[in-house]
Structure formats: C-alpha cells, structure tokens
Amino acid sequence: MVNRLAHEVEAGLAGRPALLRDASARALAYLGGLADRPVAPAAADVAALDRLDFALPAAGQDAASVLVMLDDYGSPGTVASGGPRYFGFVTGGALPIAQAAAWLTAAWDQNAALSVMSPTASALNRVAVRWVTELLGLPESTGGGFVTGATMANATCLAAARDAVLAGHGWDAAGQGLVGAPPVTVVAGAQAHTTVRKALGLVGLGRDRALLLPADGQGRIEPRGLPALTGPALVCLQAGNVNSGASDPFGPLIDWAHENGAWVHVDGAFGLWAAASPGTAGQVAGIAAADSWATDAHKWLNTTYDCGIALVADPRALRSAMEAAAAYLPEDATLLALTPPPRPRPALTPSEPMHVTPQSSQRARGAEVWAVLATLGRDGVAALVDRTCALARRFADGMRGAGYTVANDVVLNQVVVDFGDEARTGAVIAAVQEEGTCWCGPTVWQGRAAMRVSVSGWNTTEQDIDRSVAAVTACATR
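Residues numbered from 1 in each chain as written. Predicted model: local features only at pLDDT ≥ 70, side-chain atom pairs only at ≥ 80, totals over all residues. Heavy atoms only, no water.

Colleague: What is the right way to read the overall build of the protein chain from this model?
Modeller: Across its full length, the protein chain holds 14 helices and 11 strands. Taking 478 residues into account, the globule formula puts the C-alpha radius of gyration at 23 Å, and the protein chain, at 24 Å, falls close to it. The C-alpha extent of the protein chain, read off along each of the three principal axes, is 70 × 65 × 45 Å. Long-range pairs, those at least 24 residues apart, make up 75% of the contacts in the protein chain with a sequence separation of at least 6. Here the protein chain contributes 33 positive and 43 negative side-chain charges, whose respective centroids are spaced 1 Å apart. (Helix = DSSP H or I, 4+ residues; strand = E, 2+ residues; numbered from the N terminus. Rg over C-alpha atoms; globule rule 2.2 N^0.38 Å. Contact = heavy atoms within 4.5 Å. Lys, Arg positive; Asp, Glu negative; His and termini not counted. Charge placed at Lys NZ, Arg CZ, Asp CG, Glu CD.)

Structure below.
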C-alpha cells in the first residue's frame, strides 16, 4: 500500500508540468477566440454540457483526459462575459495581469486567513486595502477585507454597523444576539439594490423592515423631509444605481444621518469607483464621511471572479463583529512582526484577514487587487473609468440616433433603453441575445420594461460599441 501510494504521488508530480502546460495552452486559445465568438453559447453547446453529467466513477479518470473533457464541453458552454461586447449585470472582464496573478496565486494555493498561514497573502491584502482606500479618498484609518462580492461586503459592513449602533445603546449584539435587543431603525432609498435587502436579512435586521425614502427620476434619494431618528439606527445609501448609475447626494444625507446618531453605510458595488476619476468624483462627493462602504473589484476594476471588498472607517467596529477566538489562533502581533507598515499609520493594529471577514478560510483575493492597482496605477484606474463612461455615452448616442429612447441620464457606465411596450422590448432583448454580437439584459425602470447596458470591460473599444449598436438596431427593426 505504501509503495502504491508513493508511486501515485510520484506519477502525479511527474505529470503536473505537462498538465499545466496543456491547461495554459487551452486557456490562451479560449481567450484568443473570445472577441470573435457569439457572446451567448449556442443551444447545442449548452445541451452538450450533459456530457459532463455522469455517474461518479469508482476509479478516477486520467487527469489529462479530464482536462480535455472540461475544455471540449465546458468552454463552448460558457458566456463570453470576459469579451468586449458583454454588457450584462455590470460584469467586468479580467485584465491580463488579473488573470496572470490568479494563475500564480492558484499555484501558491494559500489560505489567506492568517499571516502565519501565508505572510505573502496577508501582506498583499493589507497593501491592497490601503491602496483602495487611498484611491477612493476614504479615511486613512479605514480597515477592511476581501469577500466574495458586494452581497457579502454589504453583509459584513452591516454586521459591524448593527453591533456598533447597538453597543452605543448598551447592547452586546455579538455576544447576546438580537433577541431582546433594542430595535434598530434601518433607512434606505426606494431604489436600494436587492443585495442590500438580502444583506439586511442575513444580519438579522430584516429584508422588509427598512424605512424607504423617496427617490427622484434617476433613483437618487431626495434629501428633503427627512425623518427624525431615535435609538440605534443605520442609513443605507447608494453609489451607482444599478440601472441609471446615479448616486445619492451624500453630503446632506450623511449630515442628517450623523446628526441623528445613525451609522451610514454605502452600497457602491460599482459606483464607488467613480471616486477614482476626477471626471466622475463629483458624483460621489462627500462619500468619505460615511462609516462603511461595500464594493466589488470584479466589476469596474476588472479582476477575476470573485472579489468583493468590505471597508469600515473604524476597523475596531469591523473586528468586533467578525473576530474569531480560539486557543490555537495567533494574535495579530504576528502580522505586525511579519509585515511592518512601510510608513507611519494611525495607532490601530492591523487585523488578520479572518478577523475582519465572515469567512475563516479564504483565497488570496488581495493579490489580484494588488497586481491590478500596481499595473494600472491611479491614472490607469481613472482612465478605465473615464473610457467606459465615454463608451456608454457612445452607446446611448447610437440608440438615440436610431430613434429609440434612452430612459436615464447617462452619468456613468449605465444605459437604459426603451423600445416601446413591454412585449416589443422583451422581443428585442431576446433577439439581441440570440443574434450574439453583444449581450444586454432586461430590467424594469420607472415602471417600464427596458434593456440595460453596462459598459464595464477593460477591452471594449469604440468599434465594439458601434458593432453592438448596429446589431441592436437590426434586431429592433426586424
């Protein structure tokens, strides 16, 4: 038995270089064809995925054959969301450096939970959080961590908010839960994203309890007639409406919330990155005065999936809500000894990644964010934001030029197109998705069915926009 196991390990190690070279070649071939293939997979390719659904084998198959099967049937069945003409769900592509960093970190196979598990992952997480904070103009004291996406980033921040506002009224939510706790007043805009509602449910504050403030025609909270708040309270604001791209007026709303003793959380899954460009930063003016922020790197920053970021102005509140204690877990002093900060920082101890996020085991998401920011720099991120916003305006101009209604003010990278009645709009969207030049999804905006366009990919060009406008126009005139 020992000899057989040793032989299997030896064979696995011997075959690994060829297997990884084959995987690399297949990945590069897939990426090389991404721009020219239909964005949605063909029905036959989706049906062929059944070839991957077979009984769990008793004796495993050869690894090289499994990889061939995965590529032959899996690759054609994917959506070309990393290509230049995918405009659905505010999905960014993946920058080459993000893909390269992802490949390398997969080889590292690090658990980023603790610095003792991976000094490199912890150091990259720490630097990446600092760089994001600086890029977005948030308070220098801000702490945070990497999670799966904006849903968990919102939940992480709202858990910290919940515990902090209850602690201010003498209740230990982390220790005692919410049974018997003072009720927490939650305020949000009428156009708050569904992930905020989901996150409120996850942290025990209820999906349907929030006091909803009226929004204007672009989805922004109207800062007038704001109610007085008593007791523990938190206010959820929005950077980047998922349809229009518009952001709440942060200055007056944050002033009102803080005057009423409330915690302010900002859901900025993509819109928070507007702060990275001088051309769009005015749309999120005043956002730095909030108490927490949730965003995604796999949207506008174009890292690979999945990568969300939870940021809290007072990292002690975040740690209080998320920390895990056990005799075998080292203190944060280990992190300080291994990764001393490169310059003077506020007198707050950096926390291990597992103490500022819901998960313990976690992949090294910060490595990709670090690599992207190191490659793009401040100017490159600003250029990415500016370019995609300009391309969104070009798409909108093309739709108007073809005689269709653009139903939103195109202030960021979002475009909402109305083709008439609900049936016609639905038919146009279905035809666009089937035709395959580009992919745009459906939405409901101001009570009307519409097509939503999100220009988020680093590799989209003016030619891609023009091809897409022509294809949508052709589908709409059938």
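Colleague: Just to check I follow, could you spell out helix α10 (residues 315–322) for this structure?
Modeller: Within an α-helix, residues lying three or four positions from one another point in the same direction, as the helix has 3.6 residues per turn. Taken together, the buried positions of α10 are occupied by Pro315, Ala317, Leu318, Arg319 and Met322. Contacts from the buried residues of α10 go to β1 (143–147), α6 (150–167), β5 (263–267) and β7 (308–312). (Buried < 20%, exposed > 50% of the residue type's maximum accessible area, 1.4 Å probe, protein only.)

Colleague: What is the right way to look at the packing of aromatic side chains in this model?
Modeller: To describe a pair of aromatic rings, one takes the distance between the centres and the angle between the planes. Per the stated rule, a full pass over the model turns up six aromatic pairs. Here tyrosine 86 and tryptophan 439 contribute two aromatic rings whose centre-to-centre distance is 5.4 Å and whose plane-to-plane angle is 25°, an arrangement assigned as stacked. With tyrosine 86 in the loop between α3 (63–74) and α4 (96–108) and tryptophan 439 in the loop between α13 (422–435) and β10 (441–445), this pair connects stretches of sequence that are 353 residues apart. Centroid distance phenylalanine 87 to phenylalanine 395: 5.7 Å. Interplanar angle 80°. Geometry classified as edge-to-face. One end of the pair, phenylalanine 87, is in the loop between α3 and α4; the other, phenylalanine 395, is in helix α12 (residues 365–401), and 308 residues separate them in sequence. (Phe/Tyr/Trp six-rings, centres within 6.5 Å; stacked < 30°, edge-to-face > 60°.)

Colleague: Whenever I open this one, the sheet that holds β10 confuses me. Can you help?
Modeller: Pairing between sheet strands relies on hydrogen bonds along the backbone, with the strands arranged either parallel or antiparallel. The strand order across the open sheet formed by four strands is β8-β9-β11-β10, and the pairing between neighbours is antiparallel. Pairing within the sheet leaves two strands with one partner each, and these edge strands are β8 (405–406) and β10. Packed on one face of the sheet, α12 meets β8, β9 (414–418) and β11 (448–454) and runs near 15° to β9. Each of β9, β10 and β11 touches α13; the most contacted strand, β11, lies at about 30° to it. (Pairing = 2+ DSSP bridges. Axes fitted to C-alpha atoms, helices over the stretch in contact; angles between N-to-C directions.)

Colleague: Would you mind showing me how to read empty space enclosed by the protein here?
Modeller: Vacant regions in the atomic arrangement are exposed by a probe of water-molecule size rolled over the atoms. Counted under the stated rule, the structure contains two cavities of 30 Å³ or more. Every residue along the wall of the largest cavity is listed here: Gly189, Gln191, Ala192, His193, Val196, Gly219, Ile221, Cys236, Leu237, Gln238, Asp248 and Asp267. Sorting elements by how many residues they give to the lining of the largest cavity places strand β4 (residues 233–238) first, with three residues. In terms of residue class, the lining of the largest cavity is built from five nonpolar, five polar and two charged. Volume-wise, the second largest cavity comes out at about 40 Å³. Residue lining of the second largest cavity: Leu34, Ala35, Arg37, Val39, Ala80, Gly83, Pro84 and Arg85, and that is the complete set. For the lining of the second largest cavity, a count of residues per class yields five nonpolar, one polar and two charged. (1 Å grid on protein atoms, 1.4 Å probe; cavity = no way out; pocket = protein on both sides within 12 Å on 5 of 7 lines; lining within 4 Å. Points joined across faces, edges and corners; volume = space filled by probe spheres on them. Nonpolar A, V, L, I, M, F, W, Y, C, P; charged D, E, K, R; others polar.)

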